[in-house]
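Each chain is listed here by its residues.
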Amino acid sequence: MIEVWSWPTPNGHKVHIALEELGLEYKVIPVNIGAGDQFKPEFLKITANHRIPAIVDTDGPGGKPFTLFESAAILIYLSEKTGGKLIPKDPFGRYKCLEWIMFQMAASARCSANGTISAPTLQKKSPMRSSATRTR
Ligand SMILES: N[C@@H](CCC(=O)N[C@@H](CS)C(=O)NCC(=O)O)C(=O)O
């Protein structure tokens, strides 16, 4: 069973869609980023970054519980967990796929919700937030 600590935002939906596509059993644990849930200790136990999505796989590598954050890392993990269904196995296809995964992370997946959650109260709780994000 995979616990998805998430919220309905673009980065959250990437993982929700992959879980549906792969037919994996999962349970969503809502992290209301508009209410500041991402700063709660129980969420910060499974991520070094106060951002959704994050997962806990109760049946991770070696059959042990496994935590993971960052949507691209999660997508790669879920693909490999299911035998590489989302990422081609041949080197050409694999690296082209990773290229686009990295591209969407770096260039196109800025969370549109960031503007709404950078209210002054949340900014104070988030020393890691960049000045660029603070001013949006
Ligand atoms: N690089 C991260 C970005 C995650 C991200 O920006 N998450 C946003 C929602 S889409 C968030 O949780 N923001 C809460 C905050 O900044 O405190 C990923 O791809 O997982």
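On a predicted model such as this, the values are computed, not experimentally measured, just so you know.

1. A few points about the overall build of the protein chain
Line of reasoning, step 1. A count of helical and extended segments in the protein chain gives seven helices and four strands.
Line of reasoning, step 2. The 136 residues of the protein chain split such that 44% are buried.
Line of reasoning, step 3. Put simply, of all contacts in the protein chain between residues at least 6 apart along the chain, 52% involve residues at least 24 apart.
Line of reasoning, step 4. With the model as given, the accessible surface of the protein chain reaches about 7800 Å², and the carbon-plus-sulfur share is 62%.

2. Section: the nonpolar core
Line of reasoning, step 1. Counting 13 residues, the largest nonpolar core has Ile-2, Val-15, Leu-19, Ile-55 and Leu-78 as its most contacted members.
Line of reasoning, step 2. Where this core is concerned, the elements lending two or more residues are strand S1 (2–6), helix H1 (10–22) and helix H3 (71–81).
Line of reasoning, step 3. Beyond its immediate sequence surroundings of up to four residues, Leu-19 is in contact with Ile-2, Val-4, Leu-24, Tyr-26 and Leu-78.
Line of reasoning, step 4. Membership of the second largest hydrophobic core comes to nine residues, among which are Trp-5, Ile-33, Phe-43 and Ile-46.

3. With respect to the sheet that holds S1
Line of reasoning, step 1. An order of S2-S1-S3-S4 is seen for the four strands of this open sheet, with the pairing classed as mixed. Looking at strand neighbours, the two that pair on one side only are strand S2 (26–30) and strand S4 (66–69), the edges of this open sheet. Neighbour-to-neighbour, the strand axes of this sheet turn through a mean angle of 20°, independent of strand direction.
Line of reasoning, step 2. Examined bridge by bridge, S1 and strand S3 (residues 54–57) share four bridges and lie antiparallel to one another. Bridge pairing links Glu-3 to Val-56 in S3.
Line of reasoning, step 3. Each of S1, S2 and S3 is contacted by H1, which is oriented at about 155° to S1, the strand it contacts most.
Line of reasoning, step 4. Sheet contacts for H3: S1, S3 and S4; angle to S4, the most-contacted strand, approximately 135°.

Quick notes on the rules
Residues numbered from 1 in each chain as written. Predicted model: local features only at pLDDT ≥ 70, side-chain atom pairs only at ≥ 80, totals over all residues. Heavy atoms only, no water. Helix = DSSP H or I, 4+ residues; strand = E, 2+ residues; numbered from the N terminus. Buried < 20%, exposed > 50% of the residue type's maximum accessible area, 1.4 Å probe, protein only. Contact = heavy atoms within 4.5 Å. Areas by Shrake-Rupley, 256 points an atom, 1.4 Å probe, with all protein chains shown as cover. Core = buried A, V, L, I, M, F, W, Y, C linked by side-chain atoms within 4.5 Å. Pairing = 2+ DSSP bridges. Axes fitted to C-alpha atoms, helices over the stretch in contact; angles between N-to-C directions.

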